[in-house]
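Analysis of the macromolecular model
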Amino acid sequence: MSAQPTPQVAAAGPPAGEPALTGLRRKDLLGIAELSPAEIALVLDTAEAMKEIGSRAIKKVPTLRGRTVVNLFFEPSTRTRTSFEIAEKRLSADTLNIAVATSSVTKGETLADTALNLEAMHPDMIVVRHASSGAPYLLSRICRSAIINAGDGMHEHPTQALLDAFTIRERKKTLAGLKVAIVGDLLHSRVLRSNIHLLTKMGAHVWVAAPPTLMPADIGRFGVTATTSVEEAVEGADVVMLLRIQLERMQSAFFPSAREYFRVFGMTEARLRLARPDVIIMHPGPMNRGVEIASEVADGPYSVILDQVSNGVAVRMAVLYLLAGGAEHETAA
Amino acid sequence: MKRLLKGGRVIDPANGIDGTYDVLIDGDRIARVDRDIPPSTAPGARVVPIPAGFVVCPGFLDIHVHLREPGQEHKETVATGTASAVAGGFTAVACMPNTSPVNDNAGVTEYILKKAAEANLARVYPIGCVSRGQKGETLADIAELKAAGCVAVTDDGHPVASALLMRRALEYTSMLGIPVIDHCEDPTLKLDGVAHEGYQAAQLGLKGIPGAAESVMVARDVHIAEFTGGHVHVAHMSARQSIRAVREGKHAGVKVTCEVAPHHFILTDERLAAPIPYDTNTKMNPPLREAADRDAMLEGIVDGTIDVIATDHAPHHYDEKHVEFDRAPFGIVGLETAVPLCLDALVHPGKIGLRRLVELLSVNPARVINVVGGTLSAGAPADITILAPDLPVTIHAKDLVSKSKNTPFDGWELKGGVAATLVGGRVVYANPAVTIDWERVQPS
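Being a predicted model, the structure only gives us computed values, none of them experimental.

Residue and element names in this part refer to chain B. The first and last C-alpha atoms of helix H8 (residues 240–251) sit 17 Å apart over 12 residues, in line with the 16 Å expected at 1.5 Å per residue. If you check which residues of H8 are buried, you get Ser242, Ile243, Ala245, Val246 and Gly249. Buried residues along H8 cover an arc of 160° about the axis, so they all sit on one side. Set apart from the buried face of H8 by more than 90 degrees, the exposed residues are Glu248 and His251. Residues of H8 that are buried make contact with helix H7 (211–228), strand E15 (232–234), strand E16 (256–260) and helix H10 (291–303). Residue Gly253 follows H8 closely and has a positive phi angle near 85°.

Shown next, in the form of structure tokens:
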């Protein structure tokens, strides 16, 4: 390995009582559900070092030089794919983007065959986004490569939750004890599921609010407080996170109209006044202004929505680095 | 040829028999069941000593089987499906009409029966379509189907979505004395669901199928059966609300019967997440539901609300199952796992006795589709299932006789299995793990 500085793990450390980790001792990152609090802390701490790299004039370290990372996207994505690609390039990995429209999937090839064909070319990591919940698990069973879930159906979007947590921690120093209100289309949201796993594991109090038509079944068993009152959820909140409302859902009668949704659940400045004065506003994007969020709120001083995007690169660098073996890999190389 | 089955516990609920008896078979018929039939009274008979502890009962019938022929022979054929049946202890199967083409005319029925005669293993009772082309619009030629050999009608795979068509079907079939079997599922409530709507599906991000999608149609069918006087048989019950609807119908004297598949009284939706997350062999329709539903199925088996255990044997090629969960076809194979599962999960824990099991697997299914069988009465066909209730059995998917291996029970170690299967007096399956001497001629 060259003389380039290796990312240093920040001093924040894991939660009390947990041993410190130096690498993710797992092949894949399929979901937050399977991560321990110590592993989550490790990713967040590592991301702090990674963030520093992004502030340099030359934003590149040789950490993943010679490694091949495939970005396999079966669903359109601008933000997540770009974020992964920048992260990979900053770590000097060789990257390859495969989007569904240009792949043989449209010719009727199965996911398993696509995976086997990619695998035959010996990539080191495959970053996958897929419309089917659980598709990364199928890939994981087939491939020797590390699989990173970049969003699977309505299941999980682990790197989004990690970058959300990183952003919260940047502002609030800790996750434990915070009241986090998540409002929007809970039913169809993989961001929600990953965030619930992460925030509850790290000791935050999670409140979720949505009309009953957009609540997952048995939400009470998720370890959160569910309510149909957005005011109740937001009251005294440290963090308010909004989830995208897809307007197509009106056709399936999940809610009557964008206008009515905004009237009952939209995040306005008036509603936000119920939260703590130092509340931060988050949104995984893309936003529907005037539906789930008023423009004044999205553009207001408490909004950290663009910080989330910036931090996404650092968190994804951390995940790539740690799955590649972290500090152990570098010692061995 | 005569065979005298000596000893063993003989259970023939139709004749009130349960104890150590001998069974004399003459050619393809039962000749006599009695305490200690002396071999001297059956000269020339092969005397077959049945090992102590084994159970001799009327042949089992699985009235919910997909044989896939014609049209989907890569999944199963009549020959491989009936071989799987006899290996599982079933002497007869009733096969579903959602083949390609569908069984909505005498030509397809006759084709299936011809293939069954060629295979010459289990008896095959075709089930015809309710609606022409299984399109749910107009009635199929049901009298012609019955004349060709169909024992019931169903649009299985799909519900009879129109209440009006269900009404007409129940009225029309009441003239023919055959049941309408309904795959109860409100399509607007099911939508594109792939798993039971509950905590597990919510966690895994799978679109849900609520229990109510099934039970609203069960309740509807019970009500329509009540006012038409027709016989509705509810296929593969899975939701606790459905049991309640059938129970109420039975109390009101409605001609309603129902069946449950072993996976619905053994497994729950927790299998979606573990041991293999998103295992497509846990995807079936109706879906694996939650513990309260599984327990309601067990209760219905115990209290008599459930008439029949049927497997919904649904073979699929491994290519078809080796895909994303929401793209995989619904269904699992069931013929070879049902008997061990029933013995292990129902009989050994003491939930039901062997006699009740014989009712669920033999007596009642024969009654529902109104065919011979379900009894060891003198003159009845010598269709016999012999159980080894204490035999340790391990399910190995790769060793299944069925052409397809899609089972969630791979590797399960169970107590109880099938020793042998006789159809028309012929030994069509003898389990190599047990020893029964079928050919010993008595010394004269």
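Residues and elements named next belong to chain A. In space, the 4 strands of this open sheet follow the order E2-E1-E3-E4, with parallel pairing throughout. With one partner strand each, in any of the chains shown, strand E2 (94–99) and strand E4 (146–152) form the two edges of the open sheet. Strand-to-strand twist across the sheet, computed as the mean angle between neighbouring axes with direction ignored, equals 15°. Where helix H3 (residues 111–119) meets the sheet, its contacts fall on strand E1 (68–73), E2 and strand E3 (125–130), and the angle it forms with E1 comes to roughly 160°.

Scanning all chains against the criterion turns up 6 aromatic pairs over all chains. Ring plane angle 45° and centroid distance 5.2 Å describe the contact between Tyr137 of chain A and Tyr278 of chain B, whose orientation is recorded as tilted. Taken together, the residues span two chains, with Tyr137 of chain A in helix H4 (residues 135–142) and Tyr278 of chain B in the loop between helix H9 (262–266) and H10. Grouping residues by exposure puts Tyr137 of chain A and Tyr278 of chain B together as buried. Site record: aromatic cluster; members linked through ring pairs are Phe255, Tyr261 and Phe265 of chain A. The ring of Trp207 of chain A is capped by Lys179 of chain A, whose NZ or CZ atom sits 4.0 Å from the centre of that ring. Over the ring of Tyr199 of chain B we find Arg221 of chain A; its NZ or CZ atom is 4.0 Å from the centre of that ring.

All names here are of chain B. Within the open sheet, the 3 strands sit side by side as E8-E9-E10. Their pairing is parallel. Both edges of this open sheet fall to strand E8 (60–65) and strand E10 (123–126), since each of them pairs with a single strand only. Sheet twist, expressed as the average angle between the axes of neighbouring strands with direction ignored, equals 20°. Relative to strand E9 (residues 90–95), E8 runs parallel, the two sharing 4 bridges. Across the sheet, residue Val65 finds its bridge partner in E9, namely Cys95. Contacting E9 and E10, helix H2 (residues 106–119) crosses the sheet at an angle of about 175° to E10.

Attention shifts here to the side chain of Thr305 of chain B. All names here are of chain B. One can find Thr305 in the loop between H10 and strand E17 (308–309). Its relative accessible area of 5% is what places Thr305 among the buried residues. Ignoring sequence-local partners within four residues, the contact set of Thr305 consists of Ile243, Val246, Arg247, Lys250, Cys258 and Gly300.

All right, on to the environment of Gly325 of chain A then. By the element assignment, Gly325 of chain A lies in the loop between helix H11 (305–323) and helix H12 (326–332). Of the residues examined, Gly325 of chain A reaches a relative accessible area of 19% and is grouped as buried.

Moving on to the packing of helix H1 (residues 37–53) of chain A against helix H5 (residues 158–172) of chain A. All names here are of chain A. Contact geometry for H1 and H5: axes closest at 10 Å, N-to-C directions at 70°. Put simply, H1 runs roughly perpendicular to H5. For the pair formed by H1 and H5, the contact residues are Ile40, Ala41, Val43, Leu44, Asp45, Ala47, Glu48 and Lys51 on the first element and Leu162, Ala165, Phe166, Arg169 and Glu170 on the second. The residue makeup of the contact of H1 with H5, split by class, is 8 nonpolar, no polar and 5 charged.

According to the stated counting rule, one finds 0 disulfides over all chains in the structure shown. Considering cysteine sulfurs only, Cys184 of chain B is the nearest to Cys258 of chain B, which forms no disulfide, with 10 Å between them.

Another aspect to go through is the interface of chain B and chain A. Facing the 18 residues of chain B at the interface are 22 residues of chain A. Roughly 1,700 Å² of surface becomes buried between chain B and chain A when both sides are summed, with 60% attributable to carbon and sulfur atoms. At the junction of chain B with chain A, the criterion picks out 0 salt bridges. Broken down by class, the residue content of the side of chain B that touches chain A amounts to 9 nonpolar, 4 polar and 5 charged.

Before going further, it helps to spend a moment on the pattern of salt bridges. The full count for this structure, using the stated rule, is 47 salt bridges over all chains. Here Asp45 of chain A ties to Arg169 of chain A by a salt bridge, and the two come within 2.8 Å at their closest N and O atoms. Residue Asp45 of chain A is found in helix H1, and its partner Arg169 of chain A is found in helix H5; the two are separated by 124 residues along the sequence. The exposure classification of Asp45 of chain A matches that of Arg169 of chain A, with both residues buried. Across the pair Glu439 of chain B and Arg3 of chain B runs a salt bridge, and its minimum N-O distance is 3.0 Å.

Parameters and conventions
Residues numbered from 1 in each chain as written. Chains lettered and ligands numbered in written order. Predicted model: local features only at pLDDT ≥ 70, side-chain atom pairs only at ≥ 80, totals over all residues. Heavy atoms only, no water. Helix = DSSP H or I, 4+ residues; strand = E, 2+ residues; numbered from the N terminus. Expected span 1.5 Å × (residues − 1). Buried < 20%, exposed > 50% of the residue type's maximum accessible area, 1.4 Å probe, protein only. Arc of directions from axis to C-beta. Contact = heavy atoms within 4.5 Å. Pairing = 2+ DSSP bridges. Axes fitted to C-alpha atoms, helices over the stretch in contact; angles between N-to-C directions. Phe/Tyr/Trp six-rings, centres within 6.5 Å; stacked < 30°, edge-to-face > 60°. Lys NZ or Arg CZ within 6 Å of the ring centre and 35° of its normal. Parallel < 35°, antiparallel > 145°, perpendicular 65-115°, else oblique. Nonpolar A, V, L, I, M, F, W, Y, C, P; charged D, E, K, R; others polar. Disulfide = S-S within 2.5 Å. Buried area = accessible area lost by both parts, 1.4 Å probe. Salt bridge = Lys/Arg side-chain N within 4 Å of Asp/Glu carboxyl O.

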